[in-house]
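Structural overview for review
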There are 2 protein chains.
Amino acid sequence: MTGSPFAALVDWGTSNFRLWIVDAGGGVLAERQSDDGMGRLERDRFGAVLEGHLQALSAPADLRVVIAGMAGARSGWLEAAYVETPAPLEGLFRHAVTPEHSGRRVFILPGVCQRTAGAEDVMRGEETQLAGAIESGVASGLFCLPGTHSKWAELDAGMVRGFTTAMTGELFQLLSRQSILRLSVPEDVRAEADHPSFAAGVSEAAEPHFSLTTRLFSIRAEGLLGAADGAAAAARLSGLLIGAEVAAMRRRYSPAGDVHIIGTGALASLYTRALALSGIRAVALDGGELVRKGLFAAARSLVSAS
Amino acid sequence: MTGSPFAALVDWGTSNFRLWIVDAGGGVLAERQSDDGMGRLERDRFGAVLEGHLQALSAPADLRVVIAGMAGARSGWLEAAYVETPAPLEGLFRHAVTPEHSGRRVFILPGVCQRTAGAEDVMRGEETQLAGAIESGVASGLFCLPGTHSKWAELDAGMVRGFTTAMTGELFQLLSRQSILRLSVPEDVRAEADHPSFAAGVSEAAEPHFSLTTRLFSIRAEGLLGAADGAAAAARLSGLLIGAEVAAMRRRYSPAGDVHIIGTGALASLYTRALALSGIRAVALDGGELVRKGLFAAARSLVSAS
């Protein structure tokens, strides 16, 4: 490692662990990734796992550590209570918790919750990506974070006004791999954004009285009736699910400008296409870079405040 | 066995096998049930399995056998091609197929399909229950058959005009047992029709712009925020799913009178309650009795026609 280490930044999710050591300007000096996710760890193992990764990068013994994500969940290392919406993201660090850990200064950032009746929701990790977007100069607008549980968040001058989780990714997995639809969606076929059945699914889901549960089985029926192949079935299932999500989020947040998609790769392409079909332009941001920037901003604030 | 056997009637589903031997008036002389469902059988085993059950009831060697259900699927014993909607149910027997089977006369009834663009659908087994309803004097109206894959069918003077499958039961199973919601819905807790959270879920799902995928996660969030216990979570999940189904079917079929629910027990109670909350009265019919009556009607027609 060259340069002077300022902080260790950790994105500690359910299934992933990612660590960066950065200098005082936020420049990356060293990094490391593993599958030591919170979901695999007993509470008393977090400290040792963190220490192992820090030592593998020869981190100084007194280097401060800032963590975001599921490590702060009730079933994680130490619960960092949610900050309620409307939540100013630059102040998150004030609510960090500090687990007992062999003298090293460790800070776990809180998640954000929404207690609005009829719109109860929680996030943990995504708020730090959003804080990273603010660091990158995007402090207002509608953000879409595709994933197992997609999040949509409305930012206004650095404040999370409201957000919504959609179980789209998990539903696609369960339906395509475990429901009757697995007989129509081959395991090795991915949904393609440019398949006509994807567009058809998205536009069907945008209809005023679209009902997901009563339309899913038609994917199986089309297969049995010889009206669709596996690629069409995968694309249509994805189109119906992502289309339903986009339609609901358009109604809820009425985006005035572009939607900022945090994420890259195949999933981001599907969302970009679904948004385009709805007349909305998507701008892609790199999720890994954003969480690092959000963590760095918190580390900087923690130093200034101490 | 006393009385003179007229036919053996078989309801052969994916996971269940049910056999009745009836006299010429439809009276049950003997019956038998097992888990020898089509899903567990290789194609060349159907004949031997059937024969074993018939012999266990001492059925005469020349007794005719009429079968409904998944035994007639492409992956069953012998495919009985679907009859298309609008499908007159009293004529189903004309489309029965006869597998090669050691001299015994075996008839497998067809399913019904709907090729209407945007409403492709299939049923196999439920059409015979509907034929049984006609035998019982109910030849017109809207029918709801709750289950893993619920069916709603519109009958008009003995004819299936249209029908719709909803994947409600399978979604409840997948979501409550395998998704993130399993952490909020305890395995030993059932959804109760009289829980206030069931009614709340049904009425939320009836709202004009209800979006299932973006509301499911609130069940988990409510648990994390201390706003709901396991019984409330199970009832609300069930209410959202069944409510979404009922709302969509109301819009599609605009039922003028009562809805006929084919089924009994806990699931039928949930549907009855959801319909009542929507101002619709439900009348319950026994599914096992209906399939036997439908099979008997087909057996009688096969004899008259031969």
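Preceding block: the structure.
Residues numbered from 1 in each chain as written. Chains lettered and ligands numbered in written order. Predicted model: local features only at pLDDT ≥ 70, side-chain atom pairs only at ≥ 80, totals over all residues. Heavy atoms only, no water.

**Quick notes on the overall build of chain A**
In terms of helices and strands, chain A carries 8 helices and 14 strands. Computed over the C-alpha atoms, the radius of gyration of chain A is 21 Å, within 12% of the 19 Å expected from 2.2 N^0.38 for a compact globule of 306 residues. The C-alpha extent of chain A, read off along each of the three principal axes, is 65 × 35 × 35 Å. Out of the 306 residues belonging to chain A, those deemed buried represent 58%. Across chain A, every contact between residues at least 6 apart in sequence was considered, and the portion connecting residues at least 24 apart equals 65%. Of the roughly 12200 Å² that chain A leaves accessible, carbon and sulfur atoms contribute 48%. (Helix = DSSP H or I, 4+ residues; strand = E, 2+ residues; numbered from the N terminus. Rg over C-alpha atoms; globule rule 2.2 N^0.38 Å. Buried < 20%, exposed > 50% of the residue type's maximum accessible area, 1.4 Å probe, protein only. Contact = heavy atoms within 4.5 Å. Areas by Shrake-Rupley, 256 points an atom, 1.4 Å probe, with all protein chains shown as cover.)

**A short note on the sheet that holds strand β4 (residues 65–69) of chain A**
All names here are of chain A. Ordered by their spatial adjacency, 5 strands build an open sheet running β3-β2-β1-β4-β7, and the pairing between neighbours is mixed. Each end of this open sheet is capped by a strand with a single partner; those strands are β3 (28–34) and β7 (106–108). With direction set aside, neighbouring strand axes in the sheet form an average angle of 15°. Here β4 runs beside β7; their pairing, made up of 3 bridges, is parallel. (Pairing = 2+ DSSP bridges. Axes fitted to C-alpha atoms, helices over the stretch in contact; angles between N-to-C directions.)

**Description of the relation of the copies chain A and chain B**
Take chain A, turn it by 180°, move it 0.0 Å along the axis, and it overlays chain B with an RMSD of 0.0 Å. Here the transformation between the copies is reduced to the relation of a two-fold axis. Taken together, the interface assignments show that 100% of the residues at the interface of chain A recur at the interface of chain B, consistent with an identical surface on both copies. (Least-squares fit on C-alpha atoms with pLDDT ≥ 70 in both.)

**Some thoughts on the packing of aromatic side chains**
On inspection of all chains with the given rule, the structure shows 10 aromatic pairs over all chains. The interplanar angle of 65° and the centroid separation of 5.9 Å between the aromatic rings of B:Phe6 and B:Phe296 together place this pair among those described as edge-to-face. Here B:Phe6, found in the segment before β1 (7–12), pairs with B:Phe296, found in helix α8 (residues 287–305); they are 290 residues apart in sequence, far enough to count as distant. We classify B:Phe296 as buried; its relative accessible area is 9%. Ring geometry for B:Trp12 against B:Phe46: centres 5.1 Å apart, planes inclined by 50°, an arrangement best described as tilted. Highlighted residues: B:Trp12 in strand β1 and B:Phe46 in helix α1 (residues 46–56), separated in sequence by 34 residues. For the pair formed by B:Trp12 and B:Phe46, the shared burial category is buried. Aromatic ring contacts, followed pair by pair, group A:Trp12, A:Phe17, A:Phe46 and A:Trp77 into a single cluster. When the ring centre of B:Phe6 is taken as origin, the NZ or CZ atom of B:Arg64, which lies over that ring, is 5.0 Å away. Taking NZ or CZ as reference, B:Arg124 lies 4.4 Å from the ring centre of B:Tyr82, over its face. (Phe/Tyr/Trp six-rings, centres within 6.5 Å; stacked < 30°, edge-to-face > 60°. Lys NZ or Arg CZ within 6 Å of the ring centre and 35° of its normal.)

**Let's talk about the interface of chain A and chain B**
Counting from both sides, the interface comprises 46 residues of chain A and, opposite them, 46 residues of chain B. Interface of chain A and chain B: buried area, both sides summed, is about 3800 Å²; carbon and sulfur atoms make up 65% of it. In this structure, the connection of chain A to chain B is made through 0 salt bridges. One can count 11 residue pairs in polar contact (both at pLDDT 80 or more) joining chain A with chain B. Of all the secondary structure elements, the ones that give two or more residues to the side of chain A that touches chain B are β8 (112–114), β9 (121–123), β12 (159–166), α3 (168–178), α5 (217–224) and α6 (230–253) of chain A. Grouping the amino acids of the side of chain A that touches chain B by side-chain chemistry returns 22 nonpolar, 13 polar and 11 charged. (Buried area = accessible area lost by both parts, 1.4 Å probe. Salt bridge = Lys/Arg side-chain N within 4 Å of Asp/Glu carboxyl O. Polar contact = N/O pair within 3.5 Å; in protein donor to acceptor, adjacent residues only side chain to side chain. Nonpolar A, V, L, I, M, F, W, Y, C, P; charged D, E, K, R; others polar.)

**Some details on the side chain of A:His53**
Residue and element names in this part refer to chain A. Looking at the element boundaries, His53 is found in helix α1 (residues 46–56). On the basis of relative accessibility, which here comes to 6%, the residue His53 falls in the buried class. Residues contacting His53, with those up to four places away along its chain left out, are Phe17, Leu19, Arg32, Ser34 and Asp36.

**What to know about the pairing of strand β11 (residues 150–156) of chain B**
Residue and element names in this part refer to chain B. Burial analysis of β11 places 5 of its 7 residues in the buried class, the great majority of the element. Taken together, the 5 bridges between strand β10 (residues 141–145) and β11 define a ladder with antiparallel strand orientation. Bridging across to β11, Leu145 finds its partner in Lys151. Linking β10 to β11, which pair antiparallel, is a turn of 4 residues. Where β11 meets strand β12 (residues 159–166), 7 bridges bridge the pair, whose relative direction is antiparallel. For Asp156, the partnering residue across the bridge sits in β12 and is Met159. Here β11 hands over to β12 after 2 residues, with Ala157 in that stretch at a positive phi of 50°.

**Considering α1(A)**
Residue and element names in this part refer to chain A. Among all positions in α1, only Phe46, Gly47, Val49, Leu50, Glu51, His53 and Leu54 are buried. Buried residues along α1 sit in contact with β1 (7–12), β2 (17–22), β3, β4 and β7. A positive backbone phi angle near 55° is found at Ser58, which sits one or two residues after α1.

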